[in-house]
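So you can see what is in the structure, the chains are spelled out below.
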Amino acid sequence: MHLVNPFKDRLFRMAKRLLVSTEEAEDATQEVLLKLWNRNENLYEYKSIEAMAITMTKNYCLDQLKSKRASNMTIVHNNFTDREASLQQKVEDNDTWNWVEKIINDLPELQKLIVQMRDIEEMEFEEISKILEMKEQAIRTALSRARKVIREKMIKTHHHGIG
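Residues numbered from 1 in each chain as written. Predicted model: local features only at pLDDT ≥ 70, side-chain atom pairs only at ≥ 80, totals over all residues. Heavy atoms only, no water.

## Points about the overall build of the protein
- For the protein, the count of helices and strands is nine helices and zero strands.
- Evaluated residue by residue, the protein yields a buried proportion of 36% over its 163 residues.
- In the protein, the proportion of contacts linking residues at least 24 apart, taken out of those at least 6 apart, comes to 63%.
- Put simply, the protein shows about 10200 Å² of open surface, and 51% of that area lies on carbon and sulfur atoms. (Helix = DSSP H or I, 4+ residues; strand = E, 2+ residues; numbered from the N terminus. Buried < 20%, exposed > 50% of the residue type's maximum accessible area, 1.4 Å probe, protein only. Contact = heavy atoms within 4.5 Å. Areas by Shrake-Rupley, 256 points an atom, 1.4 Å probe, with all protein chains shown as cover.)

Written as structure tokens, this is what we have:
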């Protein structure tokens, strides 16, 4: 498992970005690590174990999002954070990063994933292209659109004080 240790945090962050819930992200990461552990002897056959692990994490999370169980988990999580929003939200709203995080979480799943991989994990377009099985130009376009939404919402937030 020493092969996976350097990037297991990246797997968790990606799962958290997609699934929102920390518990779901931990489960997803553990599930992927277990699958990798079961393939341990064969891992050396892969050119990039990290790319394979990220792809497995992405696919697992997207499957979870499609399942009813994950949908209900997201709804419960959002209801809880919405009710809790009063005082804590006022404190957090002063921090620009929290706003950016919120905006990113509201992006469509593919844009959210691309922003996570490119801007947060600092992965190369070529690597993202292989993992998502998309052309680099399509990734650049989606990233550009996502950044535009983030920028516009941040400008609106700073000018009007609302999200």
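Now that the structure has been shown, we can carry on.
## Considering the pattern of salt bridges
- By the definition in use, this model includes eight salt bridges.
- Residue Glu124 pairs with Arg118 through a salt bridge whose shortest N-O separation is 3.9 Å.
- For the salt bridge of Lys130 with Glu126, the shortest nitrogen-to-oxygen distance reads 3.5 Å. On the criterion of helical spacing, the pair formed by Lys130 and Glu126 is a turn pair, its members being four residues apart in helix α8 (residues 125–132).
- Owing to a relative accessible area of 57%, Lys130 belongs among the exposed residues under this scheme. (Salt bridge = Lys/Arg side-chain N within 4 Å of Asp/Glu carboxyl O.)

## Side note on the side chain of Lys58
- With respect to the element layout, Lys58 can be found in helix α3 (residues 49–66).
- Buried within the structure, Lys58 lacks any salt-bridge partner; its nearest side chain of opposite charge belongs to Glu133, at an N-O separation of 5.6 Å.
- Lys58 has contacts with Met14, Leu18, Leu113, Ile131 and Leu132, leaving out every residue within four places of it along the chain. (Lys, Arg positive; Asp, Glu negative; His and termini not counted.)

## Observations regarding the nonpolar core
- Within the largest apolar cluster, 39 residues are counted, with the highest numbers of intra-cluster contacts made by Ile54, Ile114, Val115, Met117, Ile131, Leu132 and Ile150.
- With eight residues, the single largest contributor to this core is α3.
- In contact with Met117, other than residues within four places in its own chain, are Met14, Ile54, Glu122, Met123, Ile128, Ile131 and Leu132. (Core = buried A, V, L, I, M, F, W, Y, C linked by side-chain atoms within 4.5 Å.)

## Observations concerning the environment of Ala15
- Turning to its location among the elements, Ala15 is positioned in helix α1 (residues 8–19).
- According to the relative accessible area criterion, Ala15 is buried, its value standing at 0%.
- Residues Ala15 and Ala25, spaced ten residues apart in sequence, show a C-alpha to C-alpha distance of 4.8 Å.
- Beyond its immediate stretch of four places on either side in the chain, Ala15 contacts Val20, Ala25, Ala28, Thr29, Thr57 and Cys61.

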